[in-house]
Protein chains: 2
Amino acid sequence: MTSAVIFGAGNVATHLAPALLKAGIDILQVYSRTESSASVLAAKVGAAFCTDPNEIIESAHYYFYALKDSAIAELLNYTGKFKGIHIHTAGSVGVEIFDGKAQNYGIIYPLQTFSKERETDFSKVPLFIEGKNGNICALLKTIADKLSKKTYFANSEQRARLHLAAVFACNFSNLLYDIASEIVDEQQGGFEVLKPLIRETAEKVQTLSPRKAQTGPATRYDTEIIDKHIAMLSQQPELADLYEKMSKMIYQRSIS
Amino acid sequence: MTSAVIFGAGNVATHLAPALLKAGIDILQVYSRTESSASVLAAKVGAAFCTDPNEIIESAHYYFYALKDSAIAELLNYTGKFKGIHIHTAGSVGVEIFDGKAQNYGIIYPLQTFSKERETDFSKVPLFIEGKNGNICALLKTIADKLSKKTYFANSEQRARLHLAAVFACNFSNLLYDIASEIVDEQQGGFEVLKPLIRETAEKVQTLSPRKAQTGPATRYDTEIIDKHIAMLSQQPELADLYEKMSKMIYQRSIS
């Protein structure tokens, strides 16, 4: 049976490990410096766990690096010599991180936001594959196709662009949700009243382009409302500035 | 039978008019300066239409203003004398716009993004009610409760804050989707590959707080990735600046 060791027990590892198991790959071990995280994930996928890199099993077919970017190179000092295929899952780490450190390697990058507290349907997560050579690409494609219905090849430069786009679409949107949650009054329903709007905003662009889906005062550059809103943010100059800049960007795009 | 006239045939009117009809209100007429829009919406709800404010029916029970903010005051010069209840639907227009112009008036503000091209389940749209007096508030509450399961009272100041929050949560998020769509490479699947991420980002905050849901390089202020991303945006200084500011805001919030 194909076997794997998972490095990391954070948000990505917590979703990747069960998906691999479901794809028929035996998870031998979970390694994480944090014992509590390692043990929880290991139990979830019926694996052993360790917190000492010297105790990592050497005989696995695959090693998945679902760690902070900076931790990958560090761990490779211990694990690079293992004969299995080394696969990292990071958007902005190039394939060259493995050069001279491991023999067989590649990348499977899941373009999704994962939180431990939430289930994710991994079969809908777009996966981007890169490999040291054609053979590894083909092998990783076979695994990726078992994990998800949406798999693509992307080199390191293309993957970096995907990650950059994801930061705008996901992390920065989520920041805006956070800002909005601070603006709404608890007495008027609080963040709860914004949830249908947030959901619909995301649903609209599943069928309309974002440009076509845009609404609100900035699209028509309604200075009366825009000035009123900026004045309401006078105590938070950072937000007032953000409001003004984003409104101008929306308007410029609406007329271009 | 209770009757209404709708002013406007844009995104809001297109969703409000059928919802009113479904709630048992007879739509007598649709007024819009644009004949093509007026006739389409009128046909949809079995109403007459007009493009001349002098032809507006005087005997309706309700007049709904789903127009650009600046057009409401203008139209009130023709319609204010009508005895029915005048109701606008705007987030950032105060109740005082009716002062001295109409006798009975109020507001029903739907907190949602509407596009003509998309169906909306109006029963899930949060509605915020304000009225000239207690009687009108009660009357509007009865109508609103037929339109939606989520109805609240909010004065003009509270409604303005809701609108401001909505601009951040919806219009600005949608701008970020648009920016992201420009960054992704058509050869790597284009905007399509971002759709599951966008959907999941919005779904996560239905159950987690935005603060708790946040992921990505800015939460850990990973300068290596952040600097790389900013360098990738060097040809678009406006976006590089936006990236840097939003990353700092995310980090500040993550440690506060």
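Residues numbered from 1 in each chain as written. Chains lettered and ligands numbered in written order. Predicted model: local features only at pLDDT ≥ 70, side-chain atom pairs only at ≥ 80, totals over all residues.

So, the interface of chain B and chain A
Okay, step 1: If you look at the interface, chain B gives 78 residues, while chain A gives 78 residues.
Okay, step 2: Those elements that provide at least two residues to the side of chain B that touches chain A are α5 (156–183), α6 (195–207), α7 (210–213), α8 (223–232) and α9 (237–255) of chain B.
Okay, step 3: At 23 residues, α5(B) tops the list of elements feeding residues into the side of chain B that touches chain A.
Okay, step 4: For the side of chain B that touches chain A, the class distribution of residues is 41 nonpolar, 19 polar and 18 charged. (Contact = placed C-beta atoms within 7 Å. Helix = DSSP H or I, 4+ residues; strand = E, 2+ residues; numbered from the N terminus. Nonpolar A, V, L, I, M, F, W, Y, C, P; charged D, E, K, R; others polar.)

Looking at the pairing of strand β7 (residues 127–131) of chain B
All names here are of chain B.
Okay, step 1: Among the 5 residues that make up β7, 5 are buried, leaving the element largely enclosed by the rest of the structure.
Okay, step 2: Of the two faces of β7, the one holding L127, I129 and G131 and the one holding F128 and E130 are both buried throughout.
Okay, step 3: Relative to β7, strand β6 (residues 105–110) runs antiparallel, the two sharing 5 bridges. Of the residues in β7, the one forming a bridge with I108 is I129. (Buried ≥ 20, exposed ≤ 12 C-beta atoms within 10 Å, placed from the backbone. Pairing = 2+ DSSP bridges.)

A closer look at the domain arrangement of chain A
All names here are of chain A.
Okay, step 1: The assigned domain composition of chain A is domain 1 (3–154) and domain 2 (160–255).
Okay, step 2: Its C-alpha centre places domain 1 at a distance of 35 Å from the equivalent point of domain 2.
Okay, step 3: At the junction of the two partners, domain 1 supplies 6 residues and domain 2 supplies 5 residues.
Okay, step 4: The residue makeup of the side of domain 1 that touches domain 2, split by class, is 3 nonpolar, 3 polar and no charged. (Domains from an automatic or database assignment.)

A short note on the pairing of strand β1 (residues 3–7) of chain B
Residue and element names in this part refer to chain B.
Okay, step 1: The buried fraction of β1 amounts to 4 of the 5 residues, a majority that puts the element mostly inside the structure.
Okay, step 2: In terms of strand pairing, β1 meets strand β2 (residues 26–31) through 5 bridges, oriented parallel. The residue bridging A4 from the neighbouring strand is I27, located in β2.
Okay, step 3: In this region the chain leaves β1, passes through helix α1 (residues 11–22) and returns to the parallel neighbour β2; the handedness of that crossover is right-handed.
Okay, step 4: Bridging between β1 and strand β4 (residues 62–65) involves 4 bridges; their strand directions are parallel. Residue pairing across strands places I6 opposite F64, the latter belonging to β4. (Right-handed = clockwise from strand over helix to strand, strands pointing away.)

Some remarks on the environment of B:V193
Okay, step 1: Turning to its location among the elements, B:V193 is positioned in the loop between α5 and α6.
Okay, step 2: Judged by the 22 C-beta atoms lying within 10 Å of it, B:V193 is buried.
Okay, step 3: Through-space distance from the C-alpha of B:V193 to that of B:S181 is 9.6 Å; in sequence the pair is 12 residues apart.
Okay, step 4: Every residue in contact with B:V193, bar those within four places of it in the chain, is listed here: A:L111, A:P126, B:V184 and B:Q188.

Describing α6(B)
Okay, step 1: Considered for burial, the residues of α6(B) that qualify are B:P196, B:L197, B:I198, B:E200, B:T201, B:A202, B:K204 and B:V205.
Okay, step 2: On its buried face, α6(B) sits against α5 (156–183) and α6 (195–207) of chain A together with α5 and α7 of chain B.

What about the relation of the copies chain B and chain A?
Okay, step 1: Mapping chain B onto chain A leaves a residual RMSD of 0.0 Å; the transformation is a rotation of 180° accompanied by 0.0 Å of translation along its axis. Those values place the two copies in the arrangement expected of a two-fold rotation axis. When C-alpha distances to the rotation axis are compared across chain B, the minimum falls at B:S173, with a value of 2.5 Å.
Okay, step 2: When the interface residues of chain B are mapped onto chain A, 100% of them again fall at the interface, so both copies present the same face. (Least-squares fit on C-alpha atoms with pLDDT ≥ 70 in both.)

Details of the sheet that holds strand β3 (residues 48–50) of chain A
Residue and element names in this part refer to chain A.
Okay, step 1: Reading across the sheet, the 8 strands line up as β3-β2-β1-β4-β5-β6-β7-β8 and stay open at both edges, with mixed pairing between neighbours. The open sheet terminates on both sides in strands that have one partner only, identified here as β3 and β8 (151–153). Averaged over all pairs of adjacent strands, the angle between their axes in this sheet comes to 25°, without regard to strand direction.
Okay, step 2: Both strand β5 (residues 85–88) and strand β6 (residues 105–110) contribute to a ladder of 3 bridges, which runs parallel. For H86, the partnering residue across the bridge sits in β6 and is Y105.
Okay, step 3: Against the sheet, α5 contacts β6 and β7 (127–131), and its axis sits at roughly 155° relative to β7. (Axes fitted to C-alpha atoms, helices over the stretch in contact; angles between N-to-C directions.)

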